[in-house]
Amino acid sequence: MKRRQPDFSRQSERLQSYLDSLTRTVGHADRVVPLENYTKGLLLPLERKSVEPMAARLAPGNVRQMHQSLHHIVADAAWSDAALLKEVRNQVLPAMTRRHRLLAWIVDDTGFPKKGSHSVGVTRQYCGQVGKQENCRIAVSISLATERASLAVRYQLYLPEVWANDPERRGKAGVPEDVRFQTKPEIALAQFRSLLDEDVPRGVVLADAAYGNDHGFRAELETLGLQYVVGIQSSTSVWPPGAAPLPPRARNATGRPASLLRRDKHHQPLSVKELALCLSPGDWRRVSWREGTRGTMHSRFTRLRVRVAHRDYWRSEPHPEQWLLIEWPKTEKEPTKYWLSNLPESIPLRPLVALGKQRWIIERDYQELKQELGLGHFEGRGWRGFHHHATLAIAAYGFLVRERCLFPPPPGSPPMRAANLRLRLPHVQSSYAPRGSAGANRTA
């Protein structure tokens, strides 16, 4: 297929058409221009994407009025995040799937370090961005992904119990009354249900061990009719291939018949790590799954048909068989990653590995959303502002994804970045340095 060359002279027209479709979801006409400006501001090559530096670049001759307009649309205006994200999906997904089919629904969460205790959702908890317990807030998202592109379509703040059960803090931060405490897997499951209600094209659910290790999470995915490849911890217990719990005890002459499965000291499940270490060198296969920046990505894998052992002594039937996928790089002393999957028994090894590894694309998304589109730059404290800012950051990223999909780069070339977009903006003096930039810091 011949690659289409991007027409940069019409990029602003495409952006305006994209924004026109989004602003139809926000209700009042007086919200249209501020929402367009805020989204454009997030696409600007600024080091800080908070209201003040965006206002200074969007309207250098009238910063105060632009500041008020941007602040109101993100912090106060009562437009629907769900409706706008749905329209982003409607605009971007067709471009994503022009050349590559939809592969996955990817669940993930991302942390934002934050000082103080008054910003909504902030408490001391594990923050992946810094790799330790830290004062932060965390959001749970679902993204649709092809082999080459992905887009967040659900995004919600995780509200810790200390916040959910504090009426005063909830009131000050504007937390809606119907928001209650939910674990991160519970938030993700509610997001999946809403996507199913909207008949969004299905993909295989991908998640790391923070979600996949939750048996209730996996069981509910089965109930919803969703296929999955999810990470698990090495301590997860399973019955090896061909093994299962003991059947119920034989019925006695008197009393009710036994119905529960059994174990005894000679018949126990193994952890997935124990099972992996029992395998012979010939059980492992070298598998490659995609091209990376340093060449073909490859490692050693094996897969086995196993039954999860989770509390099966309270069941009358064993858990169904499913795939256990294990990675053991040749340079490591022991296996490094484990996945469970309910994909069909007939799936070849390489596609199973590729799906297990597809979560890399979310790491790329969040890196760009945070570093180039200001996802973590919101400075307000309220529930509405936190979600509005994130929704518009995702909308800005959606335009970038659509441009990449419509005009993919030649093989070996880097993808289009936000800094490559050619937006029509007011002229500023060459000495202009937005707040937060290195130049501004030097002249302050």
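See the structure shown above.
None of these values were measured; they are calculated from a predicted model.

Colleague: Outline the packing of aromatic side chains, supporting the account with residue identities and numerical values.
Modeller: Per the counting criterion, the structure on display carries 11 aromatic pairs. Their ring planes at 45 degrees and their centres at 6.4 Å tell us that F192 and F217 sit as a pair that is tilted. Residue F192 is located in helix α8 (residues 184–197), and its partner F217 is located in helix α10 (residues 215–223); the two are separated by 25 residues in the primary sequence. Assigned by exposure class, F192 and F217 land together as buried. Geometrically, the ring pair formed by Y211 and F217 is tilted, given 5.9 Å between the ring centres and 55 degrees between the ring planes. A residue is classified by how much of its surface remains accessible, and Y211, at 1% relative accessible area, is buried. One aromatic cluster in this structure is built from W105, F192, Y211 and F217. Directly above the ring of W163 sits R169, whose terminal nitrogen or CZ lies 4.1 Å from the centroid. Between R290 and the ring centre of W360, over which it is positioned, the NZ or CZ distance is 3.8 Å.

Colleague: Account for the nonpolar core, with residues named and values stated.
Modeller: Grouped together as the largest cluster of nonpolar side chains are 114 residues, with contacts concentrated most on W105 and F192. If one sorts the elements of this core by residue count, helix α14 (residues 383–406) sits on top with 14 residues. With near-sequence residues (within four places) excluded, F192 lies in contact with W105, V107, I142, V205, F217, L221, L224 and L226. Formed by 15 residues, the second largest nonpolar core is a distinct cluster that contains I232, V272, L275 and L340.

Colleague: Can you tell me about the side chain of R218, naming the residues and giving the values?
Modeller: Mapped onto the fold, R218 is located in helix α10. One buried charged residue, R218, forms no salt bridge at all, with the nearest opposite charge on D214 at 6.8 Å. A polar contact of 3.2 Å, which involves the side chain of R218, links it to the side chain of H215. In this view, R218 contacts G212, N213, Y228, V230, I232, V308 and L340; residues no more than four positions away in its chain are not counted.

Colleague: Tell me about the pattern of salt bridges, and please be specific about residues and values.
Modeller: For the structure shown, the criterion picks out 18 salt bridges. Between R89 and E198 there is a salt bridge; the shortest N-O distance is 2.8 Å. One end of the pair, R89, is in helix α5 (residues 81–96); the other, E198, is in the loop between α8 and β5 (204–207), and 109 residues separate them in sequence. With a closest N to O distance of 3.8 Å, D208 and R359 form a salt bridge. With D208 in the loop between β5 and α9 (209–212) and R359 in the loop between α12 (349–357) and α13 (360–371), this pair connects stretches of sequence that are 151 residues apart. Through salt bridges with shared partners, a single network forms among E368, E372, R404 and R417.

Colleague: Report on the environment of S316, specifying residues and quantitative values.
Modeller: Turning to its location among the elements, S316 is positioned in the loop between β10 (295–308) and β11 (321–327). Taking relative accessible area as the criterion, S316 reaches 43% and is therefore assigned partly exposed. Apart from the residues lying within four places of it in its own chain, the contact partners of S316 are S259 and L261.

Colleague: Summarise the pairing of strand β2 (residues 123–127); cite the residues concerned and give the values.
Modeller: Every other side chain in a regular strand lies on the same face of the sheet, so the side chains alternate between the two faces. With 5 bridges connecting them, β2 and strand β3 (residues 132–145) associate as antiparallel partners. Counted as the bridge partner of Q125 is E134 from β3. Connecting β2 to the antiparallel partner β3 that follows it, the hairpin turn spans 4 residues, and G131 within it adopts a positive phi of roughly 75 degrees.

Colleague: Tell me about the pairing of β5, and name the residues and values.
Modeller: Neither face of β5 is left uncovered, since the one carrying V204 and L206 and the one carrying V205 and A207 both have all their residues buried. By the bridge criterion, 3 bridges tie strand β1 (residues 104–113) to β5 in an arrangement that is parallel. Bridge pairing links I106 to L206 in β5. As paired strands, β5 and strand β6 (residues 228–232) are joined by 3 bridges and run parallel to one another.

Colleague: Residues and numbers for the packing of helix α4 (residues 63–75) against α14, please.
Modeller: At a minimum axis distance of 7 Å, the contact between α4 and α14 shows a crossing angle of 105 degrees. One element, α4, and the other, α14, form an angle in the roughly perpendicular class. In contact with I73, V74 and A75 of α4, α14 contributes R384, G385, H388 and H389. When grouped by side-chain class, the residues that make up the contact of α4 with α14 number 3 nonpolar, 3 polar and 1 charged.

Criteria and thresholds
Residues numbered from 1 in each chain as written. Predicted model: local features only at pLDDT ≥ 70, side-chain atom pairs only at ≥ 80, totals over all residues. Heavy atoms only, no water. Phe/Tyr/Trp six-rings, centres within 6.5 Å; stacked < 30°, edge-to-face > 60°. Helix = DSSP H or I, 4+ residues; strand = E, 2+ residues; numbered from the N terminus. Buried < 20%, exposed > 50% of the residue type's maximum accessible area, 1.4 Å probe, protein only. Lys NZ or Arg CZ within 6 Å of the ring centre and 35° of its normal. Core = buried A, V, L, I, M, F, W, Y, C linked by side-chain atoms within 4.5 Å. Contact = heavy atoms within 4.5 Å. Lys, Arg positive; Asp, Glu negative; His and termini not counted. Salt bridge = Lys/Arg side-chain N within 4 Å of Asp/Glu carboxyl O. Polar contact = N/O pair within 3.5 Å; in protein donor to acceptor, adjacent residues only side chain to side chain. Pairing = 2+ DSSP bridges. Axes fitted to C-alpha atoms, helices over the stretch in contact; angles between N-to-C directions. Parallel < 35°, antiparallel > 145°, perpendicular 65-115°, else oblique. Nonpolar A, V, L, I, M, F, W, Y, C, P; charged D, E, K, R; others polar.

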